[in-house]
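These are the residues of each chain, in order.
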Amino acid sequence: MRGGWTALLLAVVAASLAAGLAAGAVPLPLSEVWAALRDPDASAAVVVRSLRAPRVLLAFLVGGSLAVSGAALQALIRNPLAEPFLLGLSSGAGLGAVAALALGVGGSWGVPVAAFCGAVAAVALVYRLSLVAGRRLDPRVLLLAGVVVGSFAGALMSAILVLSPATGIRNAFLWLLGGFGGASWQGVSIFAAYAAAPLAIVGLHARALDLIVLGEEPAHHLGAPVERTRRLVYLSTALLTAASVATCGIIGFVGLVVPHAVRTVSRPLHRTLLPAVFLVGGAFMVLADVVARTVVRPLELPVGVVTALVGVPVFALLLRRTLT
Amino acid sequence: MILDAREIVVCYPGAGRPALDGASCAVGPAELVAVVGPNGCGKTTLVRALTGMLPVGAGAVLLEGRPVAEWDRAAFARVVGVVPQREEIVFPLTVAETVMLGRYPRLGPLAAPGATDRAAVWTALERCDVDRVAARPVDSLSGGEWQRVRVARALAQEPRALVLDEPTASLDVRHEMELFELIRELVEAGLAGLVITHHLNLAARYADRVVLLSEGRVVASGSPRAVLTAERLTGVFGWPVAVTLWCDGSPQVVPLRPRERGP
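Now for a quick tour of the structure. On a predicted model such as this, the values are computed, not experimentally measured, just so you know. (Residues numbered from 1 in each chain as written. Chains lettered and ligands numbered in written order. Predicted model: local features only at pLDDT ≥ 70, side-chain atom pairs only at ≥ 80, totals over all residues.)

1. Structural notes on the sheet that holds strand β6 (residues 80-83) of chain B
Residues and elements named next belong to chain B. Pairing in this open sheet of six strands is mixed, and the strands run β6-β7-β8-β3-β9-β10 from one edge to the other. A strand with exactly one partner marks an edge of an open sheet, and here the two such strands are β6 and β10 (217-222). Direction aside, neighbouring strands of the sheet carry axes that sit 15 degrees apart on average. In this structure, β6 lies alongside strand β7 (residues 161-165), joined through four bridges in parallel fashion. Looking at β7, one finds that Val-83 is bridged to Leu-164. (Pairing = 2+ DSSP bridges. Helix = DSSP H or I, 4+ residues; strand = E, 2+ residues; numbered from the N terminus. Axes fitted to C-alpha atoms, helices over the stretch in contact; angles between N-to-C directions.)

2. Concerning the interface of chain B and chain A
With 21 residues of chain B at the interface, the matching set in chain A holds 21 residues. It is helix α2 (residues 73-79) of chain B that provides the largest number of residues to the side of chain B that touches chain A, a total of four residues. (Contact = placed C-beta atoms within 7 Å.)

3. Here we look at the packing of helix α4 (residues 115-127) of chain B against helix α5 (residues 143-156) of chain B
Residues and elements named next belong to chain B. In contact at an axis separation of 8 Å, α4 and α5 are set at 140 degrees when each is read in the N-to-C sense. Between α4 and α5 the crossing geometry is right-handed. For the pair α4 and α5, the contacting residues are Ala-120, Val-121, Ala-124, Leu-125 and Arg-127 in the first and Ala-152, Leu-155 and Ala-156 in the second. Class assignment for the residues of the contact of α4 with α5 results in seven nonpolar, no polar and one charged. (Left-handed = near helix turned anticlockwise from the far one by under 90°. Nonpolar A, V, L, I, M, F, W, Y, C, P; charged D, E, K, R; others polar.)

4. Here's the deal with unusual backbone geometry
Note that the residue after Arg-297 of chain A, namely Pro-298 of chain A, is joined by a cis bond; omega there is 5 degrees. Examined against the element boundaries, Pro-298 of chain A turns out to sit in the loop between α13 (270-294) and α14 (303-323). One non-glycine residue, Glu-7 of chain B, adopts positive backbone phi at about 45 degrees. One can find Glu-7 of chain B in strand β1 (residues 3-10).

5. Quick look at the sheet that holds strand β4 (residues 58-63) of chain B
Residue and element names in this part refer to chain B. Spatially, four strands are ordered β2-β1-β4-β5 in an open sheet, and the strand pairing comes out antiparallel. One side of each edge strand has no neighbouring strand; the edge strands of this open sheet are β2 (20-27) and β5 (66-67). Its contacts with the sheet place helix α1 (residues 43-50) against β1, β2 and β4, and it is angled at close to 120 degrees to β1.

In structure tokens form, the structure reads like this:
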């Protein structure tokens, strides 16, 4: 990407982070936010440092990870409609996490692992269902399969919630609504620990993804290890989605909207696309969270509502374009 | 020989008869081999077997004397450039970016393309006469330009062998001829060329050797004049044809209408 775009991108990221720190139940002017960041004894230091900073950082990391997952899945499936939520990965991860919460196993470090198992099961099931006529992957069937698997996982989640003891239900419901209200520095470290490796793996496969976008045969002829790349990148997106779902519930459409937006201004080579998508995804989620917690103050909207309000029109647009 | 398939057998799972049944086909430097035959005779399967996409049940496929299955994918792609039959554009790149993908077998996972890579891309673009459209997105190209861009991408791999699967399908006469002229020029410059085609007459004029496939077997292999005889083609394609000689000495095939007799 050229210098101008990079500068604009970094400016957007900085602005979103500043907005995230300033906005909230008590809006703070930027000067106070700056003072609080520099001086631990400033009047707003507690709010900014221990409430808003982890929340903003977590939203940024989760948004970036979901957006990267979307971009990677779009390359693997060769379709701009692929996204963790629409392909049922998020619901699969949700089911895994709800099961772990209801059974009271895992704790903060174990829930992401349970979510990962759910996400992998969901992606395997969706993939299996959409292989029509042997080996061809039909994107329409894929989306249907994603919806079906997502609904199935949703039904199982409801069943578990109804059947589990009262304390389990409360925890699971709070988490399932989605959002960054419960963000803490511990949450940030857990998420970062789980997301680092899959992000690196996806990044190292940027070139292979460029080739896989051409199709299996051209990719093979240009030297890409197609099967290995697919498997590693699928697992990485499942882990990114699982870590996101386990820390902040099911948030859809980020992986759809952000790569689409980035592709309209920058060329789609993954070596530049993936970092740009991460930054824009992070900024998008931080801003969505700002809207979620300010628009109906003192109440808070689940952030997934905000991303869906932006995401569904984009989805409709892409759907028309893809299927015509 | 650079690419050498020796009596290979390929069976698709669930298929009754093998797609290739003891087929042999080889191509050496500065030689253009055309593979022809009716639909479903195993031409594309032969390309897939030659390029290591399909495992062979019996026989051997050798690249520079070593079994293809033993080659690392990137190393293989540095020796053999392939232009597959179909390619659907999902996320369009520019022409120059598309041709740069041909350098990927020579790039590490993170390193940026260097001056050598850019030079190779530019040479390939000029060679295929698509340097003027280098900045255009590939989904805005004509069919002929897009085919030449794909050939350029294969050339950017700086291969010693070039395999093309029906490169002129859906091209008009001019683009078809331009592409065959380009392939011939590349072969004259030392490349080993293997082209799968339905154009018997172009195969006859451009190829040094023709391999005629039918139902997975090689029916005949040799110079165009030896292979493309009226009797043999009539039998293989199941339609009467006449063969005449063009002024350059190449046989030219004319399909006959019912009750029509050849010259």
